[in-house]
Amino acid sequence: MADLFRATEKQYRARGNDHKNARQRRRDALLQNDRVDYSNVMDVHVIDANLPANASRIRQLPVSSSTNYSILDPSAAQLYEIDGLDGLQVITNAMPVATQVAWAFRAVRDYSQQPYNNVTNLSGDRGATQSLWTDAWHEATRGSMKEFHALRWANIGAHYDWTAREYVDDPLIPALPAELKQLVHEVYAMTGLTDGKMAESAIVNFYPAGTCMGGHLDNAEEDMMTPIVSLSLGTQCIYLQGGLTKSDAPTALWLRSGDIIVMGGKSRRCFHGVPLVTSELPTAFADCTQDLKTHFSDAEVDAFAAYMAHARVNINLRRVGSM
Ligand SMILES: O=C(O)CCC(=O)C(=O)O
Ligand SMILES: [Fe+2]
């Protein structure tokens, strides 16, 4: 069967010009072979900018304000559903820009290293990344920013053991931090979910511009019912939401800083991925990073701002279900 997920992924993946010689590049530019057509990528931020066939699939739902919000702003938020993507909801404009910056900083500065005891792609099996960020920005060790750029994901809360292929219950690993639980609680509340079970695990994904995440299922959790809450921070990306198999053509969506995806119902069991991460960072986000200088050193804030100018951070919250 045709792998339509893969075909769409290839269409949007940043191909780069590295393998081409100058003549090929000039010819491509002339023929506009290097132009990718993004017109079919849905944008819930500007409904009118969508192709009519896509615009008609987007439905706005009322935002419920039935809790005390300390992170999100229900009066500014919009909640959307998309025809054909059963169980998927997209929340926009819920997180103020200063909060986005604070959360991205927390992900880069705290969640990437100790004291979270987190396993990352750089730490090997069950080992923790000790001081990845501190080493990256600190005067004495400057130059290891390159290593920080190699960070792709860090695990917070309940840890998934990639060797045993199961979640581990280790008393030395701190539970999911309270602020992440509060975020999940507020997202659930916005969507009207009153009996949602709490997430226990977060994968924090780090995507320098040009990197991607291939199509996959999140099926390691025992609980495949509770929705996954997924927060985008930093630069804009293309997100693909497919079906139960890769033979279903996926829907492409632009995700921007502050957007939140809720994967419940059928969508919890569907293929998804991120074929493209751009360097497009909202000016308001970049401006706001400078405000961190009132509490943190100029060197650290400058390193963070330089990283975020070309990176997307995703906080992906799941309930594991076995504990
Ligand atoms: O970066 C994203 O938006 C998706 C991440 C994801 O699917 C995952 O961590 O399993
Ligand atoms: Fe996923």
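Reading guide: rules and limits
- Residues numbered from 1 in each chain as written.
- Chains lettered and ligands numbered in written order.
- Predicted model: local features only at pLDDT ≥ 70, side-chain atom pairs only at ≥ 80, totals over all residues.
- Heavy atoms only, no water.
- Helix = DSSP H or I, 4+ residues; strand = E, 2+ residues; numbered from the N terminus.
- Rg over C-alpha atoms; globule rule 2.2 N^0.38 Å.
- Buried < 20%, exposed > 50% of the residue type's maximum accessible area, 1.4 Å probe, protein only.
- Areas by Shrake-Rupley, 256 points an atom, 1.4 Å probe, with all protein chains shown as cover.
- Polar contact = N/O pair within 3.5 Å; in protein donor to acceptor, adjacent residues only side chain to side chain.
- Contact = heavy atoms within 4.5 Å.
- Donors = N, O, S within 2.8 Å, 3.2 Å for Na, K, Ca; no water.
- Tetrahedral: all angles 85-135°; square planar, octahedral: opposite > 155°, others 65-115°.
- 1 Å grid on protein atoms, 1.4 Å probe; cavity = no way out; pocket = protein on both sides within 12 Å on 5 of 7 lines; lining within 4 Å.
- Points joined across faces, edges and corners; volume = space filled by probe spheres on them.
- Nonpolar A, V, L, I, M, F, W, Y, C, P; charged D, E, K, R; others polar.
- Pairing = 2+ DSSP bridges.
- pLDDT = per-residue confidence, 0-100.
- UniProt positions renumbered as here; feature names shortened; annotations may be inferred.
- Near = heavy atom within 4 Å.
- Sits in = over half its atoms within 2 Å of the grid points.
- Axes fitted to C-alpha atoms, helices over the stretch in contact; angles between N-to-C directions.

Brief notes about the overall build of the protein chain
Item 1. In terms of regular secondary structure, the protein chain is built from nine helices and 14 strands.
Item 2. Relative to the 2.2 N^0.38 estimate, which gives 20 Å for 323 residues, the radius of gyration of the protein chain is 20 Å and therefore close to what a compact globule would have.
Item 3. Taking the principal axes of the C-alpha coordinates as reference, the protein chain spans close to 55 × 50 × 40 Å.
Item 4. Per-residue burial over the protein chain gives 48% buried out of 323 residues.
Item 5. For the protein chain, the computed accessible surface area is about 14,900 Å², with 51% contributed by carbon and sulfur atoms.

Comments concerning the side chain of asparagine 314
Item 1. Turning to its location among the elements, asparagine 314 is positioned in strand E14 (residues 311-318).
Item 2. Relative accessible area serves as the criterion here: at 3%, asparagine 314 is assigned to the buried category.
Item 3. A distance of 2.8 Å separates a polar atom in the side chain of asparagine 314 from a polar atom in the side chain of serine 230.
Item 4. Polar side-chain contacts of asparagine 314 include one of 3.4 Å to the side chain of asparagine 316.
Item 5. When sequence neighbours within four positions are dropped, the list of residues in contact with asparagine 314 reads Ile203, Val204, Asn205, Tyr207, Ser230, Leu231 and Ser232.

Topic: the coordination of the iron ion (ligand 2)
Item 1. On the protein side, the iron ion (ligand 2) has His216 (NE2), Asp218 (OD), Asp218 (OD) and His272 (NE2) as donor atoms, found 2.1 to 2.5 Å from it.
Item 2. Metal-centred angles of 52 to 166° between the six donor atoms at the iron ion (ligand 2) mark the site as irregular.
Item 3. In terms of primary sequence, the donors binding the iron ion (ligand 2) are separated according to H-x1-D-x53-H. In this pair, histidine 216 is assigned in strand E8 (residues 213-216) and histidine 272 in strand E13 (residues 272-277), connecting sequence segments 56 residues apart.
Item 4. Classification of histidine 272 by relative accessible area gives buried; the value is 5%.

Thoughts on the environment of lysine 246
Item 1. Within the secondary structure layout, lysine 246 lies in the loop between strand E10 (237-241) and strand E11 (251-255).
Item 2. Remark: the alpha-carbon pair of lysine 246 and arginine 6, spanning 240 residues in sequence, is separated by 7.4 Å.
Item 3. Contact partners of lysine 246, with chain neighbours within four places excluded, come to Ala2, Asp3, Leu4, Phe5, Gly215 and Phe271.

As for the layout of surface pockets
Item 1. If you add up the space inside the largest pocket, you get close to 580 Å³.
Item 2. If you trace the largest pocket, you find 30 residues lining it, with Asn205, Met213, His216, Asp218 and Arg318 closest to the centre.
Item 3. Listed by contribution, the elements that provide at least two residues to the lining of the largest pocket are strand E7 (201-208), E8, strand E12 (260-263), E13 and E14.
Item 4. Residue classes in the lining of the largest pocket are distributed as 16 nonpolar, eight polar and six charged.

Re the pairing of E11
Item 1. Burial analysis of E11 places five of its five residues in the buried class, which makes it a mostly covered element.
Item 2. The alternating pattern of E11 places Thr251, Leu253 and Leu255 and Ala252 and Trp254 on opposite faces, both of which are buried.
Item 3. Here five bridges tie E10 to E11, and the two strands are oriented antiparallel to one another. What sits directly across from tyrosine 239, in E11, is leucine 253.

Digging into the confidence of the model for the protein chain
Item 1. Averaged over the protein chain, the pLDDT score is 90; the fraction of residues at 70 or greater is 91%.
Item 2. Overall fold confidence for the complex sits at a pTM of 0.93, while the interface term, ipTM, reaches 0.99.

Thoughts on the UniProt feature "binding site: Fe cation" (unreviewed entry) in the protein chain
Item 1. UniProt records the feature "binding site: Fe cation" (unreviewed entry) for His216, Asp218 and His272 in the present numbering. Their sequence span is 57 residues, while the largest C-alpha to C-alpha distance among them is just 8.8 Å; these annotated residues converge on one region. Taken from the residues named earlier, the lining of the largest pocket is made up of His216, Asp218 and His272.
Item 2. The residues contacting histidine 216, other than those within four sequence positions of it, are Cys270, Phe271 and His272.
Item 3. A distance of 2.9 Å separates the side chain of histidine 216 from the backbone oxygen of glycine 214, its partner in a polar contact.
Item 4. Beyond its immediate sequence surroundings of up to four residues, histidine 272 is in contact with Phe5, Gly214, Gly215, His216, Asp218, Tyr239, Leu240, Gln241 and Met263.

Considering the site of ligand 1
Item 1. Close to ligand 1 lie 13 residues, the nearest being Asn205, Tyr207, His272, Arg312 and Arg318.
Item 2. In this structure, an oxygen atom belonging to ligand 1 sits 2.8 Å away from a side-chain N or O atom of asparagine 205.
Item 3. The cavity that encloses ligand 1 is the largest pocket.
Item 4. Only E7, E8, E13 and E14 provide two or more residues apiece to the shell around ligand 1.
Item 5. Among the elements that take part in the shell around ligand 1, E14 stands out by supplying four residues, more than any other.
Item 6. A class-by-class count of the residues in the shell around ligand 1 yields four nonpolar, six polar and three charged.

Here we look at the sheet that holds strand E4 (residues 153-157)
Item 1. Taken together, the eight strands give an open sheet; going across it, the order is E1-E2-E3-E12-E9-E14-E7-E4, and neighbouring strands pair in antiparallel fashion. Of all strands in the sheet, those bounded by a partner on one side alone are strand E1 (58-61) and E4. Taking the axes of each pair of neighbouring strands and ignoring which way they run, one obtains an average angle of 20° across the sheet.
Item 2. Here four bridges tie strand E3 (residues 88-92) to E12, and the two strands are oriented antiparallel to one another.

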